[in-house]
Amino acid sequence: MPAPESSEPSKRLELADVGEWKRVSPKYVLVEIVGTILNAVVVCGGASLLWLLLDQTWAMWVGIVVLVLSIINLIFEPRRVRSIGYLLRADDLLFRRGILFQRFVAVPYGRMQLIDITRGPVARWLGLADLKFVTAAATAGVSIPGLAEADAESLRDRLVELAESRRAGL
């Protein structure tokens, strides 16, 4: 059995030889930060009410844990957003995301059944949108968040065109 070429620990899977990755808008960091802060305020507020009004000491600890985890999440948010990218290849769309737990998904154009654009309130205020794909496999749904609205619309139109030209029989 041949020995591995390198004894270095495994590196981040970049797939650099497949082309140039397109990244989501840097404004998407703000969308994620607002979502994290709102989530922390709601959970910590509820825990505080339980602790102060009903004398539930465990709720105080839940609030502290959620607050600490939210602060850690806020620290890593910019790096996590920078890890999101997509690449249009000849036969499929390649999507990546994640720092510690990396996810790479290839969605063949011919398997795309629905391409949807969604906009949340903060994303809409910043001029951003999410592009969601639905394929024949229910577990293979992909969402590219944080695209500029014009980019999301042009990418949707391009993908619909590619999907119609390469429609695979089901």
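One structure accompanies this document, and this report is about it. All values reported here derive from a predicted model rather than from experimental measurement.

With respect to the nonpolar core
Ranked by internal contacts, the top residues of the largest apolar core, which has 29 residues, are Leu93, Met112, Leu131, Phe133, Ile144 and Leu159. Secondary structure elements with two or more residues in this core: helix H1 (28-54), strand S3 (92-97), strand S4 (103-108), strand S5 (112-118), helix H3 (121-126), strand S6 (128-135), strand S7 (142-148) and helix H4 (149-165). It is H4 that provides the largest number of residues to this core, a total of five residues.

Examining the packing of H1 against helix H2 (residues 57-82)
Relative orientation of the contacting elements H1 and H2 amounts to 175 degrees, with a least axis distance of 8 Å. Relative to H2, the element H1 lies roughly antiparallel. Of the residues belonging to the contact of H1 with H2, the class tally is 18 nonpolar, five polar and three charged.

Looking at the sheet that holds S5
Pairing is antiparallel in the open sheet, where three strands are placed in the order S5-S6-S7. Every interior strand has two partners, whereas the edge strands, S5 and S7, have only one. Here the average twist between neighbouring strands, direction ignored, is 20 degrees. Relative to S7, S6 runs antiparallel, the two being bridged by five bridges. Bridging across to S7, Leu131 finds its partner in Ile144.

Considerations on the environment of Asp116
On the secondary structure map, Asp116 appears in strand S5. Look at Asp116 and you get partly exposed, because its relative accessible area is 35%. Along the sequence, Asp116 and Ala152 sit 36 residues apart, while their C-alpha atoms lie 9.5 Å from each other. Excluding residues within four positions of it along the chain, Asp116 makes contact with Asp130, Leu131 and Lys132.

Structural notes on H2
When the terminal C-alpha atoms of H2 are compared, their 39 Å separation across 26 residues agrees well with the 38 Å that a helix rising 1.5 Å per residue should span. Along its length, H2 reaches its greatest deviation from straightness, about 45 degrees, at Phe76, and the proline Pro78 lies no more than four positions downstream. On the buried face of H2, the contacting elements are H1.

The rules behind these values
- Residues numbered from 1 in each chain as written.
- Predicted model: local features only at pLDDT ≥ 70, side-chain atom pairs only at ≥ 80, totals over all residues.
- Heavy atoms only, no water.
- Core = buried A, V, L, I, M, F, W, Y, C linked by side-chain atoms within 4.5 Å.
- Buried < 20%, exposed > 50% of the residue type's maximum accessible area, 1.4 Å probe, protein only.
- Helix = DSSP H or I, 4+ residues; strand = E, 2+ residues; numbered from the N terminus.
- Axes fitted to C-alpha atoms, helices over the stretch in contact; angles between N-to-C directions.
- Parallel < 35°, antiparallel > 145°, perpendicular 65-115°, else oblique.
- Nonpolar A, V, L, I, M, F, W, Y, C, P; charged D, E, K, R; others polar.
- Pairing = 2+ DSSP bridges.
- Contact = heavy atoms within 4.5 Å.
- Expected span 1.5 Å × (residues − 1).
- Bend = angle between axes of the 7 residues up to and from the residue.

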